[in-house]
Amino acid sequence: MAVQSLYRKWRSQTFAELVGQEHVVQTLRNAIAEDRVGHAYLFTGPRGVGKTTMARLLAKAVNCLHPDPAARPCGDCEMCVAIAEGRAVDVIEMDAASHTSVEDAREIIERVQFRPSVARVKVYIIDETHMLSTAAFNALLKTLEEPPDHALFILATTEVHKVPATILSRCQRFTFVRHSVTSMAAHLRRIAAAEGIALAEGAPEAIARAATGSLRDALGILEQLASFVEGPITLHHVQSLLGMTAAAEVDALIAALLNADLTAALRAVNAVSNQGADLRQFTRDLVERLRAVMLLKATDDRALLDLGDDEVTQLTQWAQQAEMATLVQWVKLFSNLDYQLRITPYGQLPLEVAVVEALLAPPPTTQPAAPRPSVARSPTHAPVTAPLPQPAAPAEPTLPLAPEPSVRFAQSASPAPSSAAPLPPDAPIAPPAESRPTADPPPPPPAVWAATQQIRPPADPAAARAAAADLSLLEQIEAIWEDFKRDVRPRSPTVQALLNSARPYDVEGNTIVLLVTSSFHKERLEEPKNRAIIEEVLRRRLGQVVAVRCTIEEKSVEPTDLRGKIREARKDELVRAALNIFDAHIIDIQPLEPE
Ligand SMILES: [Zn+2]
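Residues numbered from 1 in each chain as written. Predicted model: local features only at pLDDT ≥ 70, side-chain atom pairs only at ≥ 80, totals over all residues.

1. So, the sheet that holds strand 7 (residues 511-516)
Then, in step 1: The strand order across the open sheet formed by 3 strands is 6-7-8, and the pairing between neighbours is mixed. Of all strands in the sheet, those with a lone pairing partner are strand 6 (502-508) and strand 8 (547-551), marking the two edges. Taking the axes of each pair of neighbouring strands and ignoring which way they run, one obtains an average angle of 30° across the sheet.
Then, in step 2: Examined bridge by bridge, strand 7 and strand 8 share 5 bridges and lie parallel to one another. Note on strand 8: the bridge partner recorded for Leu 514 is Cys 550. (Pairing = 2+ DSSP bridges. Helix = DSSP H or I, 4+ residues; strand = E, 2+ residues; numbered from the N terminus. Axes fitted to C-alpha atoms, helices over the stretch in contact; angles between N-to-C directions.)

In structure tokens:
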């Protein structure tokens, strides 16, 4: 089953079928019935909430052959059917994101001057309008200043702030809202029932929640599940597909925290870790849940939270049990863990420390009406956070990396050039092997490795250079990882969901290695069509062709492995700074000479 075919199949064909966005429907219906449809509309809002569906409905409505304007679009006439099937030549759909060629988009827009060949109105639906090139925007603006009578422009965008004001001012603007979990779950149930897909209790809500308001994503997920689950789709299926952690563990941890039961709390963390679940995702779920309790306590407004009925009882009870100050403190504490959990070599340790810290702090109630309990408890704060592994600290004692004192040694041992002295662009921390030894080497930069470079030839400069190039690509990918996943989403919410259980792990030449949590994820991500999506989006983001493979095993770092050592060394902030300043790379790592 092709991805999103359910979404296409269940795409609303008439206004009556459209889910949500009633305010937009009503206004447009009136305009159609009264024959005062404008020449330019701008639909804004998050993705997957029906902007393009609405645009097609409007395109149909202005061209529908039904005699009664109030009944348009009828969904049955020749024009309605042709537009629904995407074969109406006068309805031009463009995705600005994929029309990157400047000429292309501009030319298409300029062709609006020609009359429609069959339809009454020539309709342009431009998706992701904010991505249009400047030339295309100019052509669009020129057209919108004096639109031909036969033209209708429907612009859709998720990022309205990137659309020039000159365009905005010429459009009637409609804001689309996210679907609520409840309404989306109900819609999923209806479609599943019609498709003969059995959904167990809790599954539709979990899908809806994961789709964060996007009906298209929700149906994409449902479709993926239906394609590999035999029998009813359960909450567990949804969670394992999406790499979501069991809500039960999150709830167990919150209950333990509220009962000040440290043993139970640590046990919950352990249970999650033992399941091999993604601890970052677990922590995010935990924060999301604590946030819900906090909001419920603060406002008592369930509408604010978009919760299923099943959850309200539990959360309300927690909200009554918890102190507001404690909730705030916990939300802050756990929401700060994301980065630590990503880079820590110590597994669940940061989460455990946070749990201990959460319960060590004196509960706000025991304090004599302290208005700002977080201030009062800051002394206990510091010693507890201190043992957390810090990213910049030299990691393995087995590695002959330079800790701070050695750095100072290296700097003082070599004549440091004035920081103002211009260096050649590739001022070599590592000069090419053949040029060494020179009679009069350039002054070494004040980098950690400089001193040793002067003493010994590198182990294998070519291999080291390759490793350094690989690792710098890896860093680039790490830097764009979250954006990259967002880019994947419009193409396949399922692949995006799968990627939530993956992280960039290594680079081998032009192959990017992703570390995934299970063989299930590896197999799905390596399916040719999924891999093609990932590689295409990465190619766009990185500007270079890359291949992707997945692994489920973390290589242990061999102390003798140069590559491993370089990888570790690059984690050091000072080293990174030196590499950046001198646009250099590490070619070897040696223990420092004794003083
Ligand atoms: Zn019609």
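2. Quick word on the sheet that holds strand 1 (residues 40-44)
Then, in step 1: As summarised here, the arrangement of the 5 strands in space is 2-3-4-1-5, forming an open sheet in which the pairing is parallel. Looking at the sheet topology across the chains shown, the edges are occupied by strand 2 (91-95) and strand 5 (172-175). When the angles between neighbouring strand axes are averaged without regard to direction, this sheet yields 15°.
Then, in step 2: Direction of pairing for strand 3 (residues 122-127) relative to strand 4 (residues 151-157): parallel, over a ladder of 5 bridges. Its bridge partner lying in strand 4, Tyr 124 is registered against Phe 153.

3. Describing the environment of Leu 327
Then, in step 1: With respect to the helices and strands, Leu 327 occurs in helix 16 (residues 324-335).
Then, in step 2: Residue classification places Leu 327 among the buried residues on the basis of 23 C-beta atoms within 10 Å.
Then, in step 3: If near-sequence neighbours (up to four positions away) are discounted, Leu 327 is found in contact with Leu 290, Val 293, Met 294, Lys 297 and Ala 322. (Buried ≥ 20, exposed ≤ 12 C-beta atoms within 10 Å, placed from the backbone. Contact = placed C-beta atoms within 7 Å.)

4. Quick word on the nonpolar core
Then, in step 1: One finds Ile 154, Leu 188, Ile 207 and Ala 218 to be the most contacted residues of the largest nonpolar core, which totals 105 residues.
Then, in step 2: Beyond its immediate chain neighbours, meaning those up to four positions away, Ala 218 contacts Met 184, Leu 188, Ile 207, Ala 208 and Ala 211.
Then, in step 3: Counting residues in each nonpolar core, the second largest holds 30 residues, with Leu 253, Val 272, Ala 292 and Trp 330 among its members. (Core = buried A, V, L, I, M, F, W, Y, C linked by C-beta atoms within 7 Å.)

5. Regarding the confidence of the model for the protein
Then, in step 1: Mean pLDDT over the protein works out to 77, with 77% of the residues at or above the 70 mark.
Then, in step 2: Scored below 50 in pLDDT, residues 366-458 shows 112 contacts in the model against residues more than four places distant or in partner chains. (pLDDT = per-residue confidence, 0-100.)

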